[in-house]
Each structure stands twice: as C-alpha cells, then as structure tokens.
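# Remarks on the overall topology
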Amino acid sequence: MVRENEIRENEVSITPPEANDAGLTFIGRISTPWVSRLGCPRQGRHDGPICQIEIFAPWVEALKGVERFERLEILYWLDRSRRDLVLQSPANNGETHGTFALRSPVRPNPIGTSIVQLEAVEGNVLLVRGLDCLDGTPLIDLKPDRTLFKPIAPPQPGDFETGDNGT
Ligand code: SAM
C-alpha cells in the first residue's frame, strides 16, 4: 500500500468505477523537503520544517486577509497514491482496516488535509509548518482553521437549529 504502492497481505483492491469529473482545478503547488514517501512524515507537526505553498494566477488576489489567521487548513491532492484499496494493512501484519477508518493517502479521492501554522506571506507564497506531503503536491484549497474563524455573513435560521425536536 502506502510505502511503494504495493499490495500487502489481506489487503483488498477493487476496480474503481469510471471517474466523474468534479471539475477540480489545482490552485497552487506545495514545496516540501520530502521527495520520497519513506521519509515523509505520516502527519505534519507544527514544529516541523517550513514548507512553501505557491498560489497560481489568477488566484493570488484570493489571499487577501489570510495573514490574519495563525493557522490554516490546507487541502491537497495526493497525486502519487493508488486509489483502489478498500481494506488496508498499515502495519503490514495481515490485519486490515477499512479505508474510511484510516487517514491513509490511499483512498478513492486522495485528498489530504493538514492544519498548518502560518509563518509568513510573501506575495503569492505562504510559508507554513505542519505539512506531510511530497514535494510538488498539487494544492486544492486553503481556508482559515475553523476554530479561528467567525462567520462574517449574518446568522441564518439553521445556525440556531438543534436536534432537540427529535429530528
Ligand atoms: N495529513 C493528511 C491527512 O490526514 O489527510 C495526509 C496524511 S497521509 C498519512 C501522509 C502520507 O501521505 C505521507 O507520509 C506520505 O507517505 C504520503 N504522501 C504525501 N504526499 C503524497 C503525494 N503527493 N502522493 C502520494 N502520497 C503522498
């Protein structure tokens, strides 16, 4: 599985259904020190090395205000992953876990997410700590860490709904 795209004992692969084009567009590129999955962190750490997130035109203007947030949520496309495993054996010991019970990069739509520490904004480049992806990983999106973000738009009825009416 993850290490070199091999299949391990008891892992189960399927033939994926034909892809539907969701119209994703990569908005940037992530530069990290890691060129091999064998050396990449399994999860980023906020005292890890500084990585660069380059935002492509025409999206650079969309960075306005981002510097106000100490932490950002980054979504990226784990482009070198296989996508066909439903059961995986992370420990390579014959014991398997469902793909959706793992944070493995091997998934039908290989989206990775990390909360990163924002160190600096230099034009169209963000300097961050806390990533765990290979050098050259495509960027899908970035947004403020939800714990730091207060909606700017006025509240609407659904914001006050609870499940207390039995639904
Ligand atoms: N933090 C993200 C998450 O939880 O969604 C990703 C976690 S995933 C376990 C991180 C691992 O994905 C790395 O250790 C590396 O083995 C693998 N990886 C990183 N970048 C990748 C890429 N571009 N393509 C395929 N695999 C990648």
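Figured I'd write up the structure that's included with this text. (Residues numbered from 1 in each chain as written. Predicted model: local features only at pLDDT ≥ 70, side-chain atom pairs only at ≥ 80, totals over all residues. Heavy atoms only, no water.)

Turning next to the environment of serine 104. Summarising the element assignment, serine 104 is placed in the loop between β6 (97-98) and β7 (111-122). Look at serine 104 and you get buried, because its relative accessible area is 9%. When the C-alpha positions of serine 104 and arginine 42 are compared, they lie 8.6 Å apart, and in sequence the two are 62 residues distant. From its side chain, serine 104 meets the backbone nitrogen of valine 106 in a polar contact 2.9 Å long. (Helix = DSSP H or I, 4+ residues; strand = E, 2+ residues; numbered from the N terminus. Buried < 20%, exposed > 50% of the residue type's maximum accessible area, 1.4 Å probe, protein only. Polar contact = N/O pair within 3.5 Å; in protein donor to acceptor, adjacent residues only side chain to side chain.)

This brings us to the pairing of β7. Where strand β4 (residues 71-77) and β7 come together, 7 bridges link them in antiparallel fashion. Opposite leucine 75, over in β7, you have threonine 113 as the bridge partner. Inspection of the sheet shows β7 paired to strand β8 (residues 125-129) by 5 bridges, in the antiparallel sense. Within the sheet, the bridge partner assigned to leucine 118 lies in β8 and is valine 128. Taking the residues between adjacent antiparallel strands as the criterion, β7 and β8 are bridged by 2 residues, where glycine 123 takes a positive phi near 65°. (Pairing = 2+ DSSP bridges.)

Looking now at a nonpolar patch on the surface. On the surface, a cluster of nonpolar side chains totalling about 250 Å² of accessible area is made up of Val12, Ile14, Val86 and Leu87. With respect to the helices and strands, isoleucine 14 occurs in the loop between β1 (12-13) and β2 (28-31). (Patch = residues over 30% accessible without salt bridge, like charges linked within 9 Å, V, L, I, M, F, W, Y side chains within 5 Å. Areas by Shrake-Rupley, 256 points an atom, 1.4 Å probe, with all protein chains shown as cover. Salt bridge = Lys/Arg side-chain N within 4 Å of Asp/Glu carboxyl O.)

Turning our attention to the site of the ligand. Within the structure, the ligand sits among 21 residues, and Pro41, Gln43, Asp79, Arg103 and Asp132 are positioned closest to it. In this structure, a nitrogen atom belonging to the ligand sits 2.8 Å away from a side-chain N or O atom of aspartate 79. Side-chain polar atom of arginine 103 to an oxygen atom of the ligand: 2.6 Å apart, as the coordinates give it. Against a free-state accessible area of 610 Å², the protein chains account for coverage of 96% of the ligand. Element by element, the count of residues in the shell around the ligand is highest for β7, at 3 residues. (Near = heavy atom within 4 Å.)

Structurally, arginine 71 is set in strand β4. At 2.8 Å, the side chain of arginine 71 forms a polar contact with the side chain of aspartate 145. Polar side-chain contacts of arginine 71 include one of 3.3 Å to the side chain of threonine 147. Once residues lying within four places of it in the same chain are set aside, the contact partners of arginine 71 are His46, Ile115, Val116, Gln117, Pro144, Asp145, Thr147 and Leu148. (Contact = heavy atoms within 4.5 Å.)

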